[in-house]
Amino acid sequence: MANKCVLVISDLHIPYHHKDSFAFLKEVKKVFKPDRVVSIGDSIDSHALSFHEHNPDLPSAGHELAMSREYIKELESVFPDVTEVHSNHSSLVYRRALKYGMPKELIRPYGEFLGTKWKWVDDITLTLSNGQKCFFTHGRGADILKVSQTQAMSTVSGHYHTKFLISYWANSDNLFFGMQCGCLINQKSLAFSYAKNFSTRFILGCGIIIDGIPRLLPMVLNSKGDWIGAVV
């Protein structure tokens, strides 16, 4: 049955992802055996292409892309069939091109410049195995419940690194959920120095939907900042 188990990967920000994030995702795959994988966006960070200040102690745009390709290749060996949703970081090359007046024909497709066969799309709606529709978007609003209500269907999003939650709402016909999936980044990286004074820590993990029921899978770390090696 299609979309019986949907794995949602959010905000890796390669190459500034947590060093154990791939091992964690491999274990999630082993335990749950998803038949559909959706990357909710920001698989790559593209820090050097950002419209904000670029930290000179981080790799240049070329070096960062080369590093990202290697990591994406490794992840593709684990998840060969991924649908990736349009997002603010992963689309930076296109936003830069638009700003400086480059026509679309001059820009290589996302999968091509990353060297992957993953499918890159705008927001996507899937019909889950229970017959209910679910909307996947990178980040249309911090309040996932309002986004879900606007779409009139269950909704999954990423983008907000400190939000790792499932909320429900209902009408007279059905029950709907909104899920925000946290991230899988290394918060100590210089790429996230903007968050060093945040009062809340980024939450690491991913989401999974089994027979239409959402579940959050936190990537639990020990006191040294290493993943504990188990899915809880």
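Here the structure is a predicted model, which means the values were calculated and not measured.

Draft legend 1. How the structure looks around the pairing of strand β7 (residues 154-157). Judged by which residues are buried, β7 turns out to be covered on both faces: Ser154 and Val156 on one side and Thr155 and Ser157 on the other are all buried. Examined bridge by bridge, strand β6 (residues 133-137) and β7 share four bridges and lie parallel to one another. Within the sheet, the bridge partner assigned to Phe136 lies in β7 and is Val156. Once you follow β6 into helix α5 (residues 144-151) and on to β7, the crossover reads as right-handed. Inspection of the sheet shows β7 paired to strand β9 (residues 175-181) by three bridges, in the parallel sense. From the neighbouring strand, Val156 faces β9, where its bridge partner is Met179.

Draft legend 2. Representation of the pairing of strand β5 (residues 124-127) in the model. Burial of β5 is one-sided: the residues Ile124 and Leu126 facing one way are buried, the residues Thr125 and Thr127 facing the other way are not. Across four bridges, the pairing between β5 and β6 is antiparallel. For Thr125, the partnering residue across the bridge sits in β6 and is Phe135. The turn linking β5 back onto β6 is made up of five residues, and Gly131 within it adopts a positive phi angle of 90°.

Draft legend 3. Representation of the sheet that holds β6 within the structure. The strand order across the open sheet formed by five strands is β5-β6-β7-β9-β8, and the pairing between neighbours is mixed. The sheet is open, and its two edges are formed by β5 and β8 (164-170), each paired on a single side. Strand-to-strand, the axes of this sheet are offset by a mean angle of 15°, without reference to chain direction.

Draft legend 4. Region of interest: the nonpolar core. In terms of nonpolar packing, the biggest core is built from 36 residues, with Ile9, Phe24, Leu25 and Phe79 touching the most fellow members. Sorting the residues of this core by element identifies β1 (5-9), α1 (21-32), α2 (61-78), α4 (110-114) and β10 (205-210) as the ones contributing at least two each. Discounting residues that sit within four places of it in the chain, Ile9 has contacts with Leu25, Val37, Val38, Ser39, Ile40, Gly41, Phe79 and Leu184.

Draft legend 5. Structural detail: the sheet that holds strand β4 (residues 119-121). Taken in spatial order, the six strands line up as β4-β3-β2-β1-β10-β11 in an open sheet, and their pairing is mixed. Both edges of this open sheet fall to β4 and β11 (213-218), since each of them pairs with a single strand only. Strand-to-strand twist in this sheet, taken as the mean axis angle between neighbours without regard to direction, amounts to 25°. Note that β1 and β10 share four bridges and pair antiparallel. The residue bridging Leu7 from the neighbouring strand is Ile208, located in β10. Those strands touched by α1 are β1, β10 and β11, and its axis lies near 15° from that of β10.

Draft legend 6. Expanded view of the packing of aromatic side chains. Counted under the stated rule, the structure contains eight aromatic pairs. Both rings, one in Tyr110 and one in Trp120, keep their centres 4.6 Å apart while their planes meet at 15°; by these two values the pair is stacked. With Tyr110 in helix α4 and Trp120 in strand β4, this residue pair connects regions lying ten residues apart in the sequence. Taking the relative accessible area as the measure of exposure, Tyr110 reaches 3% and is therefore buried. With relative accessibility at 25%, the residue Trp120 sits in the partly exposed group. Look at Phe192 and Phe202: their rings are 6.3 Å apart centre to centre, the planes differ by 80°, and that puts the pair in the edge-to-face class. A residue pair is termed long-range when its members are at least 10 positions apart, and Phe192 in the loop between β9 and β10 and Phe202 in the loop between β9 and β10 qualify at ten residues. With respect to burial, Phe192 and Phe202 carry one shared label: buried. Aromatic ring contacts, followed pair by pair, group Tyr94, Tyr110, Phe113 and Trp120 into a single cluster.

Calculation notes
- Residues numbered from 1 in each chain as written.
- Predicted model: local features only at pLDDT ≥ 70, side-chain atom pairs only at ≥ 80, totals over all residues.
- Heavy atoms only, no water.
- Buried < 20%, exposed > 50% of the residue type's maximum accessible area, 1.4 Å probe, protein only.
- Helix = DSSP H or I, 4+ residues; strand = E, 2+ residues; numbered from the N terminus.
- Pairing = 2+ DSSP bridges.
- Right-handed = clockwise from strand over helix to strand, strands pointing away.
- Axes fitted to C-alpha atoms, helices over the stretch in contact; angles between N-to-C directions.
- Core = buried A, V, L, I, M, F, W, Y, C linked by side-chain atoms within 4.5 Å.
- Contact = heavy atoms within 4.5 Å.
- Phe/Tyr/Trp six-rings, centres within 6.5 Å; stacked < 30°, edge-to-face > 60°.

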